[in-house]
Amino acid sequence: MAAPGFTPGAFVFLLCINSVANYPSGKVTQSCHGMIPEHGHRPQVDPVHHITVSQVTFRPGDQVEVTLSGPPFKGFLLEARNAEDLSGVPVGSFTLIDSQVSQLLTCEDIQGSAVSHTSSSKKTEIKVYWNAPSSAPNHIQFLVTVVEKYKIYWVKIPSQIISQPDALPFTTLKATVSPLSTPTPVSRLTKPFSASDCGNKKFCIRSPLSCDPEKEQACVFLSFTKHDHSVMVEMSGPGEGYLSFAFSHDRWMGKDDAYLCINEGQTVHVQPAHFSGRSHPVMDSRDPLEAVAWRLADGVMQCSFRRNITLPGVKNRFDLNTSYYIFLADGSANDGQIYKHSQQPLITYEKHNVTDYPKNIGGSRSSLLLKVHGALMLVAWMTTVSIGVLIARFFRSVWSKAFFLREAAWFQVHRLLMLTTSVLTCIAFIMPFIYRGGWSWHAGYHPYLGCIVTALAVLQPLLAAFRPPLHDPRRQMFNWTHWSVGTAARIIAVAAMFLGMDLPGLNLPHPWKTYAMIGFVTWHIGTEIVLEIHAYRLSRKVEILDDDRIQILQSLTVAEAEGHAFKKMVLAIYVCGNVTFLIIFLSAINHV
């Protein structure tokens, strides 16, 4: 069973964005307080959508119809606030008019205190009822955040103020949107980054190791250069989507300090982010970044920025004078929205302090545990079990002589190979659980098939331990059961290997891995067919006529003896072929 699911690899680095627009279900309670989508882009200034109300006065217990309308939009978040304290908690609750397009949310522990979309389909109008609570303030204002698409959204569009009949006129209008910080200045780079100072002045991470970003378009390059109390970061690679890196306390995603460079067509957006557990990245303010610059040329994207080594009081940013694992990932992006990385992130083999001595390092896109898991499963189900099956089926007459424990040589070799298969399978089986820390829910059918294979691999030798004597009436039933369980295990194991090699944990090259696996299956089936044809032709040679009846001789004959050399030759060729396939796969696993 190859790697289940997400590997340190599994750094779901940038699976998608935690935002109103990127949550088709509209479950955006994390944005309730500020009503700001965490897209990393600045909101639009002049709203084009409007909120209208059915009445300008209300009493506690009243229902006020609220309508959001305007050009087509995908997502929204609507709340009612105290007009004298727009930064406070939501007021009252809502009742839906059309549950197909809108849904209630619980914000600030107040059930139904906000309304959002139910899907990303385009809408032009939303109607709901607002229920005035008994403790309603004198003046209420409705606020809505509207998302047209990922980069285009408006925050806290206000409605007119509605008031209780006996309230004094509302005169102090507070700003509905908190002042936004001044954008970080961005400049254009004029030339590619250089790797000449790697290990001398720069701390560099490259994939492939020692590639040159000045000459190789496919080179993914990340460098850190310390300057007094700050660090200059440079990152470059294929410019079709996004590049990203993160600092992590372990080789698994969660509570990490991340940075992204996103291709937005004609520009590159540099964005800090963080991870809260094993969840989607959350975009943060760009304020801690200085000297931001970028370049798009010849299919290569570059970005650079400077940040202080320590950032006291800045949430989610790590101090750079500490050692971390470093993740380096890339993937596709569209209109500023990022998608799951195309391959497993590169992860450094150990923790590093980028402000310490300059180094020139690489990493791996697969965990050692997953590599060993894949290697042991391949040895077990491509080599030992396959050879063991052929020996039991075609070599009983070749190695029928009994020796140790007075058992035939073919049986002892078969038993040794099958026990080896069971032991290797059991050892390999526990490794993904150790690595994952539990069950993987993101690995498709592979782990389920792996559990079945392991169960059958354990069951088979237990059944063999209770094998009836040769002439026992139950022997025939045992033979069929033994054959059925073994055949089922082999078939399911092949299916599990096909599925496992497509998981990102091993990061084997595609489609080479599929072709190689098809080649192995064809090789094994072809060998069995050759031996079956040989056995059939051999049986024809030992036929004798007896009173017009054909009898097949069961004992060793001269004709059978003549076929032993051929069988041995086929087995030798088969073993060499199996070992060749195994070496190819193990070499590929070792290099990821």
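In the annotation of an unreviewed UniProt entry, the entry for the protein reads Ferric-chelate reductase 1, and the organism field reads Spermophilus dauricus. Its UniProt record, at the heading Cofactor (unreviewed entry), says of the protein: "heme b".

**Student:** Is there a simple way to think about the overall build of the protein in this case?
**Tutor:** What the protein contains, in helices and strands, is six helices and 27 strands. Just so you have it, the protein exposes about 28200 Å², and 58% of that area is on carbon and sulfur atoms.

**Student:** I keep staring at the pattern of salt bridges and nothing clicks. Help me out?
**Tutor:** Two side chains bearing opposite charge may form a pair once their charged atoms approach each other closely. Scanning all chains against the criterion turns up 12 salt bridges. In this structure, Asp-472 and Arg-474 form a salt bridge, with 3.1 Å as the shortest nitrogen-oxygen distance. As a salt-bridge pair, Lys-513 and Asp-502 come within 3.6 Å of each other at their nearest N and O atoms. With a gap of 11 residues between them, Lys-513 in helix α5 (residues 512–541) and Asp-502 in the loop between α4 (475–501) and α5 connect regions that are remote in the sequence. Several salt bridges share partner residues, and in doing so they unite Asp-257, Asp-284, Arg-307 and Arg-317 into one network.

**Student:** I keep staring at the state of the cysteines and nothing clicks. Help me out?
**Tutor:** Joining two cysteines, a disulfide is a covalent bond between their sulfur atoms. Summed over the entire model, instances satisfying the criterion amount to four disulfides. One disulfide in the model links Cys-261 with Cys-303; its S-S distance is 1.6 Å. An S-S torsion of about 75° defines the bridge between Cys-261 and Cys-303 as right-handed. Placement of Cys-261 in strand β16 (residues 257–263) and of Cys-303 in strand β20 (residues 300–308) is noted, with a sequence separation of 42 residues between them. In this structure, Cys-261 and Cys-303 share a single accessibility class: buried.

**Student:** Teacher, can you tell me more about the sheet that holds strand β24 (residues 360–361) here?
**Tutor:** To summarise the sheet geometry, strands pair through backbone hydrogen bonds and adopt either a parallel or an antiparallel arrangement. Strand order across the open sheet formed by seven strands is β11-β19-β20-β14-β13-β12-β24, with mixed pairing between neighbours. Of all strands in the sheet, those bounded by a partner on one side alone are β11 (186–188) and β24.

**Student:** What exactly am I supposed to notice about a nonpolar patch on the surface here?
**Tutor:** A cluster of nonpolar side chains, namely Trp-441, Tyr-445, Tyr-448 and Leu-499, defines an oily patch on the protein surface of about 540 Å² accessible area. Relative to the helices and strands, Trp-441 resides in the loop between α2 (409–436) and α3 (446–465).

**Student:** Would you take a moment to explain the pairing of strand β21 (residues 325–334) for this structure?
**Tutor:** In regular strands, side chains alternate between the two faces of the sheet. Burial analysis of β21 places eight of its 10 residues in the buried class, which makes it a mostly covered element. Pairing of strand β15 (residues 242–248) with β21 involves seven bridges; the strand directions are antiparallel. Bridge pairing in β21 places Leu-243 opposite Asp-330. By the bridge criterion, two bridges tie β21 to strand β23 (residues 346–348) in an arrangement that is antiparallel. When the bridges of β23 are listed, Leu-328 appears paired with Leu-346.

**Student:** Could you clarify how one ought to interpret the packing of helix α1 (residues 368–394) against α4 in this entry?
**Tutor:** Geometry of a packed helix pair, given as the angle between the helix axes and the separation of the axes. Between α1 and α4, whose axes approach to 11 Å, the crossing angle comes to 150°. One way to sum up the angle between α1 and α4 is to call them roughly antiparallel. Where α1 crosses over α4, the two elements pack in a sense that is left-handed. Where α1 abuts α4, its residues Met-377, Leu-378, Trp-381, Met-382, Val-385 and Val-389 lie against Ala-489, Arg-490, Ala-493 and Met-497.

**Student:** I would appreciate a short explanation of the confidence of the model for the protein in the present structure.
**Tutor:** For any part of a model where pLDDT is low, the fine detail of the predicted coordinates should not be relied upon. In the predicted model, the protein carries a mean pLDDT of 84, and 87% of its residues have values of at least 70. pLDDT under 50 marks residues 173–181. Its contacts with residues more than four places away, or in other chains, come to 16 contacts.

**Student:** Explanation requested: the nonpolar core in the structure shown.
**Tutor:** Grouped burial of nonpolar side chains is what soluble globular proteins tend to show. Leu-222, Phe-224, Phe-245 and Phe-247 are the most contacted members of the largest nonpolar core, which totals 30 residues. When residues no more than four places from it in sequence are discounted, the contact partners of Phe-224 are Lys-201, Lys-202, Phe-203, Val-231, Met-232, Val-233, Phe-245, Phe-247, Ile-326 and Val-354. Core analysis: the next-biggest nonpolar cluster, separate from the first, contains 28 residues, Met-431, Val-453, Phe-520 and Phe-585 among them.

**Student:** I'm lost on the side chain of Arg-317 in this one. Help?
**Tutor:** Within the secondary structure layout, Arg-317 lies in the loop between β20 and β21. We classify Arg-317 as buried; its relative accessible area is 8%. Within polar-contact distance, the side chain of Arg-317 engages the side chain of Tyr-259 at 3.3 Å.

**Student:** Would you take a moment to explain the sheet that holds strand β4 (residues 93–96) for this structure?
**Tutor:** Taken in spatial order, the four strands of this open sheet run β1-β2-β7-β4, and their pairing is antiparallel. Single-partner strands in this sheet number two, and they are β1 (50–53) and β4. This sheet shows a mean twist of 30° between the axes of neighbouring strands, independent of strand direction. Alignment of β1 against strand β2 (residues 63–73), held across four bridges, turns out to be antiparallel. In the strand pairing of β2, Thr-52 is matched with Thr-67.

**Student:** Just to check I follow, could you spell out the environment of Ala-565 for this structure?
**Tutor:** Among the structural elements, Ala-565 can be located in helix α6 (residues 558–590). It is 8.9 Å that separates the C-alpha atoms of Ala-565 and Val-398, two residues lying 167 residues apart in sequence.

**Student:** Got a minute to help me understand the packing of aromatic side chains in this structure?
**Tutor:** Centre-to-centre distance and the angle between the planes together describe a pair of aromatic rings. Summed over all chains, the structure comprises 24 aromatic pairs. Between Phe-245 and Tyr-259, the ring centres sit 5.2 Å apart and the planes meet at 25°, which makes this aromatic pair stacked. Of the two residues, Phe-245 is situated in strand β15 and Tyr-259 in strand β16; the sequence distance between them amounts to 14 residues. Classification of Phe-245 as buried rests on a relative accessible area of 0%. The exposure class assigned to Tyr-259 is buried, which follows from its relative accessible area of 1%. Here Trp-523 and Tyr-574 contribute two aromatic rings whose centre-to-centre distance is 6.3 Å and whose plane-to-plane angle is 0°, an arrangement assigned as stacked.

Calculation criteria
Residues numbered from 1 in each chain as written. Predicted model: local features only at pLDDT ≥ 70, side-chain atom pairs only at ≥ 80, totals over all residues. Heavy atoms only, no water. UniProt positions renumbered as here; feature names shortened; annotations may be inferred. Helix = DSSP H or I, 4+ residues; strand = E, 2+ residues; numbered from the N terminus. Areas by Shrake-Rupley, 256 points an atom, 1.4 Å probe, with all protein chains shown as cover. Salt bridge = Lys/Arg side-chain N within 4 Å of Asp/Glu carboxyl O. Disulfide = S-S within 2.5 Å. Buried < 20%, exposed > 50% of the residue type's maximum accessible area, 1.4 Å probe, protein only. Pairing = 2+ DSSP bridges. Patch = residues over 30% accessible without salt bridge, like charges linked within 9 Å, V, L, I, M, F, W, Y side chains within 5 Å. Axes fitted to C-alpha atoms, helices over the stretch in contact; angles between N-to-C directions. Parallel < 35°, antiparallel > 145°, perpendicular 65-115°, else oblique. Left-handed = near helix turned anticlockwise from the far one by under 90°. Contact = heavy atoms within 4.5 Å. pLDDT = per-residue confidence, 0-100. Core = buried A, V, L, I, M, F, W, Y, C linked by side-chain atoms within 4.5 Å. Polar contact = N/O pair within 3.5 Å; in protein donor to acceptor, adjacent residues only side chain to side chain. Phe/Tyr/Trp six-rings, centres within 6.5 Å; stacked < 30°, edge-to-face > 60°.

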